[in-house]
Amino acid sequence: MLNLASSTESTWGPWAAENIDEVLLDHAHCEKKAASTAISLIFRYPERPALMIPLSRLAREELAHFEQVVGLLRARGLEFCRQRPSPYAARLMTVVRTNEPARLLDTLLCCALIEARSCERMQRLAEALEALDGAHAAEERGPLIQLYRGLLASEARHHATYVELARALQLVSEDELRARLRALAEHEAAVLRQAPRVPRMHN
């Protein structure tokens, strides 16, 4: 279960598929940022040993995904480069509380929601790529479909990892954790509704 408060509209997948090069570049940036976030949490909370190994493993997997996406960009004659980021993650994180342990709890749950949304969007994109007509060469679509189908399980697992870490640390009661996750999911849905319509994984 992804704990999202909203579903992506059906038109997003075909639109993203038609703008796949921009979305693919953004995806690479998302994987890089996800690895960076996991590593930053390791540095920020050395007094929380339960975070160390799970986040180290997660960061390595995110970097492996980054390499996959960069490899696919290169196969399409493109290169990884700077790109104006989506405001999604920054706006999502504006509700993270500043006092501890609330800050840690909110950060972990926001990371969980980002992974959940990525999983949902990748499924939408894979379905849209599969539905494209014969004007789009199968040999071009094949590696993209394989990428996005192949990442679904890991994205869902990353979502679960962040939620389980928040639970394992026992920062709040189970009822409080669930309530906070629901509140943050509602905020995430609102952020997504307000996002500008440019080709990005989370717009």
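Let us look at the side chain of His159. Checked against the element boundaries, His159 lands in helix H6 (residues 138–168). Residue class for His159 comes out buried when judged on its relative accessible area of 2%. Only 3.4 Å separates the side chain of His159 from the backbone oxygen of Leu2, close enough to count as a polar contact. Of note is the side chain of His159, whose polar atom sits 3.0 Å from the side chain of Asn3. In contact with His159, not counting residues within four places along its chain, are Met1, Leu2, Asn3, Ala112, Leu113, Glu115 and Ala116.

What follows covers the nonpolar core. Ranked by size, the top nonpolar core spans 31 residues in total, and within it Leu51, Leu55, Leu104, Leu108 and Tyr162 carry the most contacts. Going through the elements one at a time, helix H2 (20–44), helix H3 (49–75), helix H4 (88–92), helix H5 (102–131), H6 and helix H7 (174–194) are the ones with two or more residues in this core. The element that contributes the greatest number of residues to this core is H5, accounting for 9 residues. Excluding anything up to four places from it in sequence, Leu55 contacts Ala38, Leu41, Ile42, Tyr162 and Leu165.

Now for the packing of H2 against H3. At a minimum axis distance of 8 Å, the contact between H2 and H3 shows a crossing angle of 160°. By the angle between their axes, H2 is roughly antiparallel relative to H3. In terms of crossing hand, the pair formed by H2 and H3 is left-handed. Across the contact of H2 with H3, the residue classes break down as 19 nonpolar, 3 polar and 4 charged.

Rules and cut-offs
Along every chain, residues carry numbers that run from 1 in the direction the sequence is written. This being a predicted model, a pLDDT of at least 70 is required before a residue's local features are given, and a value of 80 or more before pairs of side-chain atoms are given or counted; all residues contribute to the totals for chains, interfaces and linings. For side-chain calculations, the full set of non-hydrogen atoms in the structure is used, while hydrogens and water are omitted. The secondary structure listing takes helices from DSSP runs of H or I that are at least 4 residues long and strands from runs of E that are at least 2 residues long, numbered from the N terminus. For the exposure calls, accessible area comes from a 1.4 Å probe over protein chains only, and a residue counts as buried if that area is under 20% of its type's maximum, exposed if over 50%, partly exposed in between. Any pair of nitrogen or oxygen atoms within 3.5 Å is treated as a polar contact; in protein, a donor-acceptor pairing is required on top of that, and neighbouring residues in sequence qualify only through side-chain atoms on both sides. The contact criterion used is simple: two residues touch if any of their non-hydrogen atoms lie within 4.5 Å. Within this scheme, the nonpolar core is defined by two criteria: the residues are buried Ala, Val, Leu, Ile, Met, Phe, Trp, Tyr or Cys, and they are joined through side-chain atoms within 4.5 Å. Interaxial angles span 0 to 180 degrees and are taken between N-to-C directions of axes, which are lines fitted to C-alpha atoms, for helices over the stretch in contact. When describing relative orientation, an angle under 35 degrees is termed roughly parallel and one over 145 degrees roughly antiparallel, while 65 to 115 degrees is termed roughly perpendicular and anything else oblique. Crossing handedness is read from the near helix: turned anticlockwise from the far helix by less than a right angle, it gives a left-handed crossing, and turned clockwise, a right-handed one. Classes in brief: Ala, Val, Leu, Ile, Met, Phe, Trp, Tyr, Cys and Pro nonpolar; Asp, Glu, Lys and Arg charged; the others, Gly included, polar.

None of this, on its own, says anything about what the molecule does.
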